[in-house]
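Overview (structure and organization)
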Amino acid sequence: MDLVTTVADRAARRLVRWEQQTPDALPPGPLAPPKAQMFSFLLTPGPFLRACRERFGKVVTIRIPGIPPIVQFSEPDAVREVFAASDETVHAGEANAVLEPFLGSYSVLILDGPRHRSQRRLLLPPFRGDRMRAYGEAMRDITEAAVAKWPRAPGGGERFVLQRETQAITLDVILRTVFGMEDGADQDRMRALLVRGLRILDNPVFLVRTFQKDLGPLSPWGRFLRLREAGFREMDALVARRRREGFGDDILSMLLQATHEDGTPMSDAEIHDELLTLLVAGHETTATGLTWALHDLSTHPQVLRRVQEELDARLGGGPIDPDKVRELPYLDAVCKETLRIHPVIPGIGRVLQKPTRIGGIDLPAGVAVGCSIYLVHSDPDTWPDPERYDPTRFLDKKPSPYTYFPFGGGMRRCIGEAFALYEMRIVLATILQKLEPVAAVKHVREQRRNITLTPAGGLPIRMQPR
Ligand code: HEM
């Protein structure tokens, strides 16, 4: 563990040392002021969560100003109960409310109840497993074009920031497959707006309402809102063009042709908010998974060898055939083990709508319950030697959805799971057919960027030709 992580671990332990026996009879949690808990949770989530587990075990109440107390579980039985609860008992949209100012009030992530179900029903078909083939060639071509520009040399070429590159790939994949944009001036304009807007959101303080203040066009939040408006104008032009010139096999075209149960099409505002949601939920998450996977491969040469052997045996040396990418069980296991050991999203939340018993504890309406992906995935009770990177844990084995849930669960489970895993396999296969990652830094820390846990500094790395 590097010095910064050790210091962060010590600070988090100090923060949670004393327990709070709460007046509302919630399970104990850190006594530190809610503001201190919030900053620790936002800025050093790993050390904070580990310290909570050491001090309180598998259930802890975390307090953050401005939102309900969070009773966080890391016990699989409790996770099962949370995922099984109906949308009359728990609301995920309410727990995600902090994202509303980014994504808009029609976003599937923000809605609950019948409005959520209706929106989710329209979004699901384009993400079904059988649709993936339509996106595979774009994923491969975009990766090939990006990788051709990466520096390389025997022993490792010039180092570069990997997260920046994986993010450029996954952003272009969304622009092509979801927005249906081809290379050209329109795509460049949209990409530039999105990159500038999303860079502002990287700072996790914008997950706190207090910092979401429009103090004019020069303030970060004010700049973000103006970029978002400009992005919406580009989306309107794109939608008008699709309606005028005909639909393609992109996801936007499918959404424009879909109708709610009462026969009405999605409104322009719904289209905006869902496009932005798919972009925000779908590109940085996948890019982060890819960055961690390449990091793990650079530090586990025997795993890298086995991936390469599988690629050679199943794909030969030619261009990647997206259909054959389904038949790469070891690479698939590498992606899954990476998302176990480095969950991109550390936890999920739900707000209780009525008094509910979870994990044997009676909880009142209004509190939030959380399931800690981070802690369950690193629990030695379920994952022997949890720090060890071992893809064979997933070879011919399907873990329980309550001990392994990088994509959440229940009726709010990520709709992009098949898309993300398919994209990870195609991008990794395309890179590893030609290149080998070489670690360029000794210690890599986790850092929160908006809602994701990414490698600090975006992971400097080197590449060598195979
Ligand atoms: C490695 C990549 C990804 C990870 C780790 C991930 C993880 C998650 C998690 C943890 C949730 C919350 C689930 C819950 O509350 O139970 C979620 C929701 C969601 N994700 Fe993903 N995701 C990824 C990629 C994608 C992609 C590629 C898309 C689409 C392009 C996507 C779209 C969504 C949407 C729309 C939701 C909201 C679902 C709802 O509320 O009904 N995600 N994701």
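Residue positions are given per chain, counting from 1 as you read along its sequence in written order. Given that the model is predicted, a residue must reach a pLDDT of at least 70 before its local features are reported, and side-chain atom pairs must reach 80 or more before they are shown or counted; all residues, however, enter totals for whole chains, interfaces and linings. As a rule here, side-chain values come from all non-hydrogen atoms in the structure, and water together with hydrogens is ignored.

Moving on, we come to helix α17 (residues 417-434). Secondary structure elements are defined from DSSP: runs of H or I of at least 4 residues count as helices, runs of E of at least 2 residues count as strands, and each element is numbered from the N terminus. Any helix carries an expected span of 1.5 Å times its number of residues minus one. In a regular helix each residue adds 1.5 Å, so 18 residues correspond to 26 Å; α17 covers 27 Å between its end C-alpha atoms and thus fits that length. Only protein chains enter the accessibility calculation, which uses a 1.4 Å probe. A residue is then buried if its area is under 20% of the maximum for its type, exposed if over 50%, and partly exposed in between. When you tally the buried positions in α17, you get 16 out of 18 residues, the bulk of the element.

Turning next to empty space enclosed by the protein. Buried and open spaces are told apart on a 1 Å grid over the protein atoms alone, a cavity being a set of points where a 1.4 Å probe fits but cannot get out and a pocket being an open set with protein on both sides within 12 Å along at least five of seven lines. Residues with an atom within 4 Å of a point are the lining residues. Grid points are joined across faces, edges and corners, and a volume is the space filled by probe spheres set on the points. All told, the structure shown has five cavities of 30 Å³ or more when counted by the stated rule. By volume, the largest cavity is sized at about 130 Å³. Lining the largest cavity are 15 residues; nearest its centre among them are Leu194, Gly197, Phe224, Arg228 and Leu276. Per-element tally for the lining of the largest cavity: the top contributor is helix α11 (residues 220-245), with six residues.

Any residue with a non-hydrogen atom lying within 4 Å of a molecule or strand is treated as near it. Around the ligand, the structure places 25 residues, and the nearest of them are His116, Arg120, Arg350, Arg412 and Cys414. Distance and chemistry together define a polar contact, namely a pair of N or O atoms within 3.5 Å, with one atom able to donate a hydrogen and the other to accept it when in protein, and with adjacent residues in sequence counting only for side-chain atoms on both sides. Arg120 is positioned such that a nitrogen or oxygen atom in its side chain is 2.7 Å from an oxygen atom of the ligand. In the environment of the ligand, a nitrogen atom lies 3.4 Å from a nitrogen or oxygen atom belonging to the backbone of Ala281. Among the elements of the structure, α7 (113-123), α13 (268-299), β7 (347-352) and α17 are those that each provide at least two residues to the shell around the ligand. With five residues, the top contributor of residues to the shell around the ligand is α13. Under this grouping Gly is polar, as are all residues other than the nonpolar Ala, Val, Leu, Ile, Met, Phe, Trp, Tyr, Cys and Pro and the charged Asp, Glu, Lys and Arg. Taken together, the residues of the shell around the ligand break down into 15 nonpolar, seven polar and three charged.

Glancing now at the pattern of salt bridges. A pair is scored as a salt bridge if a Lys or Arg side-chain nitrogen falls within 4 Å of a carboxyl oxygen belonging to Asp or Glu. Under the definition given, this model contains 32 salt bridges. The partner of Arg305 in a salt bridge is Glu436, with the nearest N and O atoms 3.0 Å apart. With Arg305 in helix α14 (residues 301-315) and Glu436 in strand β11 (residues 435-439), the pair connects residues that are 131 residues apart, well separated along the chain. Among the charged side chains, a salt-bridge network with shared partners connects Asp186, Arg189, Glu234 and Arg241.

Further remarks concern the coordination of the iron atom of the ligand. Each metal site lists N, O and S donors within 2.8 Å (3.2 Å for Na, K and Ca). With water left out of the atoms, a site can look as if it is missing ligands. Among protein residues, the single donor to the iron atom of the ligand is Cys414 (SG), with a metal-donor distance of 2.3 Å. Structurally, Cys414 can be placed in the loop between α16 (373-377) and α17.

Our next topic: a positive patch on the surface. Note on patches: the residues involved have over 30% relative accessible area and no salt bridge, like charges join within 9 Å, and the nonpolar side chains Val, Leu, Ile, Met, Phe, Trp and Tyr join within 5 Å. What sets the accessible areas is the Shrake-Rupley method with a 1.4 Å probe; for residues, cover comes only from the shown protein chains. Working convention for charge: Lys and Arg count positive, Asp and Glu count negative, and His plus the chain ends are omitted. Here the site of a charge means NZ on Lys, CZ on Arg, CG on Asp, or CD on Glu. Taken together, the side chains of Arg164, Arg196, Arg199 and Arg223 make up a positively charged region of the molecular surface. Residue Arg164 is classed as exposed on the basis of its relative accessible area, which comes to 61%.

Moving on, we come to the pairing of strand β12 (residues 446-449). Here, strands pair whenever DSSP counts at least two bridges between them. With four bridges joining them, β12 and strand β13 (residues 452-455) adopt antiparallel strand pairing. When the sheet's bridge partners are listed, Arg448 is paired in β13 with Leu453. Two successive antiparallel strands, β12 and β13, enclose a turn made up of two residues, where Asn450 displays a positive phi of approximately 50°.

Working definition: rings of Phe, Tyr and Trp (its six-membered ring) pair if their centres are within 6.5 Å, and the pair is stacked with planes under 30 degrees apart, edge-to-face with planes over 60 apart, and tilted otherwise. Taken as a whole, this structure holds 11 aromatic pairs when the rule is applied. Geometrically, the ring pair formed by Phe83 and Phe405 is edge-to-face, given 5.5 Å between the ring centres and 85° between the ring planes. With Phe83 in helix α4 (residues 76-84) and Phe405 in the loop between α16 and α17, this pair connects stretches of sequence that are 322 residues apart. Summarising the burial analysis for this pair, Phe83 and Phe405 share the class buried. Through a chain of ring-to-ring contacts, three or more aromatic side chains come together here, namely Phe102, Trp221 and Phe224.

Before going further, it helps to spend a moment on the domain arrangement of the protein chain. Boundaries of every domain are those given by an automatic assignment or by a domain database. Each domain of the protein chain was delimited in the assignment, giving domain 1 (1-56) and domain 2 (66-465). Both faces considered, domain 1 and domain 2 share a buried interface measuring about 1600 Å² in area, 72% of it formed by carbon and sulfur atoms. Buried area counts how much accessible surface, traced with a 1.4 Å probe, disappears from two parts once they are put together, with both parts' losses summed. Together, Leu42, Leu49 and Arg53 form the three largest contributors to the area buried by domain 1 at its contact with domain 2, with a combined 33%. Taken together, the connections running from domain 1 to domain 2 amount to zero salt bridges. Inspection of the domain 1/domain 2 interface yields five residue pairs in polar contact (both at pLDDT 80 or more). Broken down by secondary-structure element, the contributors of at least two residues to the side of domain 1 that touches domain 2 are α1 (3-15), α2 (34-43) and α3 (45-56). Looking at the side of domain 1 that touches domain 2, its residues break down into 11 nonpolar, two polar and four charged.

Looking now at the pairing of strand β14 (residues 460-465). Pairing between strand β6 (residues 160-161) and β14: two bridges, direction antiparallel. Paired with Val161 across the strands is Pro460, a residue of β14. Two elements, β11 and β14, share five bridges in a ladder whose sense is antiparallel. In the sheet register, Leu435 faces β14, and the bridge partner there is Pro465.

So, on to the sheet that holds strand β4 (residues 70-73). What the five strands build is an open sheet, ordered β3-β4-β10-β7-β5; its pairing is mixed. A single partner strand is all that each edge strand has here, and the edge strands are β3 (59-62) and β5 (90-91). By the bridge criterion, two bridges tie β5 to β7 in an arrangement that is antiparallel. For His91, the partnering residue across the bridge sits in β7 and is Val351.

Judged by pairing direction, the sheet is antiparallel, and its three strands sit side by side in the order β6-β14-β11 without closing on themselves. Single-partner strands in this sheet number two, and they are β6 and β11. Contacts are assigned to residue pairs with any non-hydrogen atoms lying within 4.5 Å of each other. Helix axes use the C-alpha atoms of the stretch in contact, all axes being lines fitted to C-alpha atoms, and the angles between their N-to-C directions lie in the range 0 to 180 degrees. Those strands touched by α13 are β11 and β14, and its axis lies near 80° from that of β11.

Take the environment of Leu194 next. Secondary-structure assignment places Leu194 in helix α10 (residues 185-201). A relative accessible area of 7% means that Leu194 is categorised as buried. Taking the C-alpha atoms as reference points, Leu194 and Leu276, separated by 82 residues in sequence, lie 9.4 Å from one another. If we ignore the near neighbours within four places in the chain, the residues touching Leu194 are Leu171, Leu175 and Leu279.

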